[in-house]
Each structure stands twice: as C-alpha cells, then as structure tokens.
Amino acid sequence: MNKKLAAALSGGAVLMLTLSGCSDDSSKKVDDWAKTFCNSAQPQFKKITDANAAIQAQTRDDSKPADVQKTDSGAFQQISDAYKALGAAVDKAGAPPVKDGATTQQEAVKELNASSVSYANLKKKVDALNAGDQAAFAKGLEDIATELGKISSSGDASLKKLESGDVGKAMQKQPGCQKQTPSSPAPSGSGAGAPPASPSQSASPSGSASPSASGSPKS
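In this text, all values refer to a predicted model and were calculated from it rather than measured experimentally.

All right, on to the overall build of the protein chain then. The helix and strand inventory of the protein chain stands at seven helices and zero strands. For the protein chain, the sequential pattern of α-helices and β-strands runs α-α-α-α-α-α-α. Taking all 219 residues of the protein chain together, the buried fraction comes to 49%. Long-range contacts, defined here as pairs at least 24 residues apart, represent 84% of the contacts in the protein chain between residues at least 6 apart. Looking at the protein chain as shown, the accessible area adds up to about 9900 Å², and 50% of this sits on carbon and sulfur atoms.

What follows is the structure, given as structure tokens:
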C-alpha cells in the first residue's frame, strides 16, 4: 500500500551530487565555498537517503498500516529536518563567488526552507490517517503520494542554478556532496523501485530519479 508513496519520493526527494564528468577549472574561492557547504550538507543528505530507504522498506504487500504510518511519519519528519539544515548550510556558506551569487544563495535557502515546511505538513497528514481502516488508509496514502509528487517536481530552479557552472563542478569533487548509501537498504523484492538517484544524476535536493517500478504500483 506504500508503493506509490515510495515511487513519488524516489522521484524527487533525494539527493547527493554525483554529476557526470569532472573538472579542475574551479577557482580556489569556489572550491572553498563548495567544501564549506558539502561538509555541512553531508549528514543531511545521509538522513534523506535513509528516510527514503525506510519508506521503500515498507512497501511489502503484508506491511501493516500502523507500521507504514509510523515509518512514513518518522521519515517525513527526518526529511523536513534535513532540508531545514541544508538551508542553514547554504546560508552559512555564504554567497558563492560567482555572478549573482548572493541572489542564487538567497533563493536556494528559500526553496530549501519551503521544502522543509512541505514535508512537515506531509507528516501531519500521515499522522492524521486512520490506520484502523485499511481502505481509507490506502486512499489517504495515495493522496499524499500525489501531493509528494507535486512537491518533488516544483520549486528547484534556484537549486539547479546553484549546482551549475563552476560551483557545480567544485561540488562534484567534494566527498560530502557525493552519493550516499542508505544505512539500512530496502530489502530486495519489496517492489520499492529504484534507489533515490543513479550515478549519472544529481543527487542534490534538486536531483531526480525515475523509479524502476513505475508501472501501476498497488496502493
């Protein structure tokens, strides 16, 4: 019953910067900015990756509504906290030393904070579902998955701008901005779809990956 939610989450919630290619053209100032941000961001990327894996692990057909509700609620709270901390990390790093850096920084912080609020609201909606009524619970999860899909696909223009050009190239080289492995991977055969991001895609907050189980997952 949690498969649509897992698919929507892996479609845009995460993360970690594993952009293709590599470059040594970035200036020292840009490299220093990327290092400052990525060192602070790494724990938050890890939290989002783990939260994604936790939701995907609860996609089995025999998952109990109460267990799904508890897992999803905790995961959404963890993602909300992580996005808020990522916004603080961008703010702390200061404006990247590139053209319009201050504007890009401010807009990225705004988007990250907005994402934090959105996931906190999803947690509230999951908490409000009636786990005692399986049909109603499944329908509620489906509605939340639809809302999650909208959140994942909107408002990341500033983040993509932050990750482009010299700043993006500098971020690629930082260990803190490279793809994270979940602490507890979803069990095989759970029908959860693909991992959060593939090596050829950005795994930063604006990154996107298409789940492999994108057919007609059960609700």
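Put simply, helix H4 (residues 101–128) and helix H5 (residues 134–152) touch, their axes get as near as 11 Å, and they point 180° apart. Taken as axis vectors, H4 and H5 run roughly antiparallel relative to one another. Of the residues in H5, those touching H4 at Ser-118, Tyr-119, Leu-122, Lys-125 and Val-126 are Ile-144, Glu-147, Leu-148, Ile-151 and Ser-152. Across the contact of H4 with H5, the residue classes break down as six nonpolar, two polar and two charged.

Looking now at the environment of Cys-38. By the element assignment, Cys-38 lies in helix H2 (residues 28–57). Overall, Cys-38 belongs to the buried group, its relative accessible area being 0%. Sequence-wise, Cys-38 and Met-171 are 133 residues apart; in three dimensions their C-alpha atoms are separated by 7.1 Å. Apart from the residues within four sequence positions on either side, Cys-38 is in contact with Met-171, Gln-174, Gly-176 and Cys-177.

In the structure shown here, the tally under the stated rule is six salt bridges. A salt bridge links Arg-60 to Asp-62; the shortest N-O distance between them is 3.4 Å. Since its relative accessible area comes to 36%, Arg-60 is described here as partly exposed. Measuring nitrogen to oxygen at the nearest pair gives 2.9 Å for the salt bridge that ties Lys-139 to Asp-143. Taken together, the residues span about one helical turn, with Lys-139 and Asp-143 both in helix H5 at a distance of four residues.

Here we come to unusual backbone geometry. Look at Asp-100: it is not a glycine, yet its phi comes out positive at around 60°. Tracing the chain through its elements places Asp-100 in the loop between helix H3 (65–93) and H4.

In this section: the state of the cysteines. Going through the model one piece at a time under the given rule, you end up with one disulfide. Note that Cys-38 is cross-linked by a disulfide to Cys-177, the S-S spacing being 2.1 Å. Handedness here is read from the sign of the S-S torsion; for Cys-38 and Cys-177, about -95°, the answer is left-handed. Taken as a pair, Cys-38 in helix H2 and Cys-177 in the segment after helix H7 (165–172) lie far apart in primary sequence, 139 residues in all. Residue classification places Cys-177 among the buried positions, given a relative accessible area of 0%.

What counts and what doesn't
Residues numbered from 1 in each chain as written. Predicted model: local features only at pLDDT ≥ 70, side-chain atom pairs only at ≥ 80, totals over all residues. Heavy atoms only, no water. Helix = DSSP H or I, 4+ residues; strand = E, 2+ residues; numbered from the N terminus. Buried < 20%, exposed > 50% of the residue type's maximum accessible area, 1.4 Å probe, protein only. Contact = heavy atoms within 4.5 Å. Areas by Shrake-Rupley, 256 points an atom, 1.4 Å probe, with all protein chains shown as cover. Axes fitted to C-alpha atoms, helices over the stretch in contact; angles between N-to-C directions. Parallel < 35°, antiparallel > 145°, perpendicular 65-115°, else oblique. Nonpolar A, V, L, I, M, F, W, Y, C, P; charged D, E, K, R; others polar. Salt bridge = Lys/Arg side-chain N within 4 Å of Asp/Glu carboxyl O. Disulfide = S-S within 2.5 Å.

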